[in-house]
Every structure is written in C-alpha cells, then in structure tokens.
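# Survey of secondary and tertiary structure
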Amino acid sequence: LWIVWLGDAGAYYVGRLIGKRKLHVKISPNKTIEGAIGGLTSSLIGGCFAKLVFLPIFSWREIFVLSFLSGLFGQLGDLTESMFKRSAGVKDSSQLIPAHGGLFDKLDGVAFAAPVFYYYLILVKGYVTPGSF
C-alpha cells in the first residue's frame, strides 16, 4: 500500500509541478510522462522507507525491483481505472472520498501491484501459502 500510494501522490505532484508531455490523452488527459517518472521515483523512495521500517527481510536489490514493479503496475492499474471511467463517461468512481476520485481510485493501483508482490513472495522467495502443499 505504502509504495503504491506514495507513487500515486508523487505522480500527481510532479505532474502538476513540471508535467508538460501528455502520457495518453484519450485515457487520462491530465497524466504526464514527467508525472509517471515522478511516481516511479516516489515508489522507489517509499520502498526504501518500507525496508528500513517494516520490510528488513528483503535485500536492497529486492526492494528496488519490488518498488519499481509495484510502482509500474500501480500506474497501470490507475490508467486502467481511468479508461473504465472514461468509457462510462464519469469523472470519479464515487463520492465517498471527495477530491480523490472515489474509493476505487485509492485501490486501482493496489489491485494491479498486489499480485506482483504476492507472486514475488511465492516464486522468488519461496514462501508457501497455507493449504498449497
């Protein structure tokens, strides 16, 4: 959650501050390439913080890879949700969290990044889930 949400915030603020080149106008007209890079950078910073505070079992290399992939897939989830909203002709997915695009806007990136993290734990780290043996 920390990595994806910090990446989302970083993309927003960097995009608003220095964003010039549009990422994909038809899907999300306000997203910029600079914002996407800022989001990935923020995800990496969030991953470093997470390692220091509550993920000491991962190496720095693993944190870099997981943070990058989580940030990348988080942005993909955000773009996918924007595409759904655009095709439905709505700006926000709900009014539950005003000025934040709705509840699903807080979870869209997590929905894409969480499976990446999960399968990294299973396939790379060799962790076994209950009932899988």
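Model, not experiment: these values are computed from the prediction.

Here we take up the packing of helix α1 (residues 2–18) against helix α3 (residues 60–88). Viewed as axis vectors pointing N to C, α1 and α3 meet at an angle of 60 degrees, and their least axial separation amounts to 9 Å. Relative to α3, the element α1 is oriented oblique. Crossing angle aside, the handedness with which α1 passes α3 is right-handed. Contacts from Ile3, Val4 and Asp8 in α1 reach Ser67, Ser70, Gly71, Gly74 and Asp78 in α3. Residues that form the contact of α1 with α3 fall into these classes: two nonpolar, four polar and two charged.

Before going further, it helps to examine the pairing of strand β2 (residues 28–32). Across two bridges, the pairing between strand β1 (residues 22–24) and β2 is antiparallel. Paired with histidine 24 across the strands is serine 28, a residue of β2. Linkage of β1 to β2, two consecutive antiparallel strands, is achieved through a turn of three residues.

Bringing the pattern of salt bridges into the picture now. For the coordinates displayed, the defined rule picks out three salt bridges. The closest approach of N and O atoms between arginine 21 and glutamate 34, which form a salt bridge, is 2.9 Å. With arginine 21 in the loop between α1 and β1 and glutamate 34 in helix α2 (residues 33–53), this pair connects stretches of sequence that are 13 residues apart. With relative accessibility at 48%, the residue arginine 21 sits in the partly exposed group. Taking the shortest distance from any N to any O, the salt bridge between aspartate 78 and lysine 31 comes out at 3.1 Å. Linking aspartate 78 in helix α3 with lysine 31 in strand β2, this pair joins segments that are 47 residues apart in sequence. Its relative accessible area of 10% is what places aspartate 78 among the buried residues.

Rules used in this analysis
Residues numbered from 1 in each chain as written. Predicted model: local features only at pLDDT ≥ 70, side-chain atom pairs only at ≥ 80, totals over all residues. Heavy atoms only, no water. Axes fitted to C-alpha atoms, helices over the stretch in contact; angles between N-to-C directions. Helix = DSSP H or I, 4+ residues; strand = E, 2+ residues; numbered from the N terminus. Parallel < 35°, antiparallel > 145°, perpendicular 65-115°, else oblique. Left-handed = near helix turned anticlockwise from the far one by under 90°. Contact = heavy atoms within 4.5 Å. Nonpolar A, V, L, I, M, F, W, Y, C, P; charged D, E, K, R; others polar. Pairing = 2+ DSSP bridges. Salt bridge = Lys/Arg side-chain N within 4 Å of Asp/Glu carboxyl O. Buried < 20%, exposed > 50% of the residue type's maximum accessible area, 1.4 Å probe, protein only.

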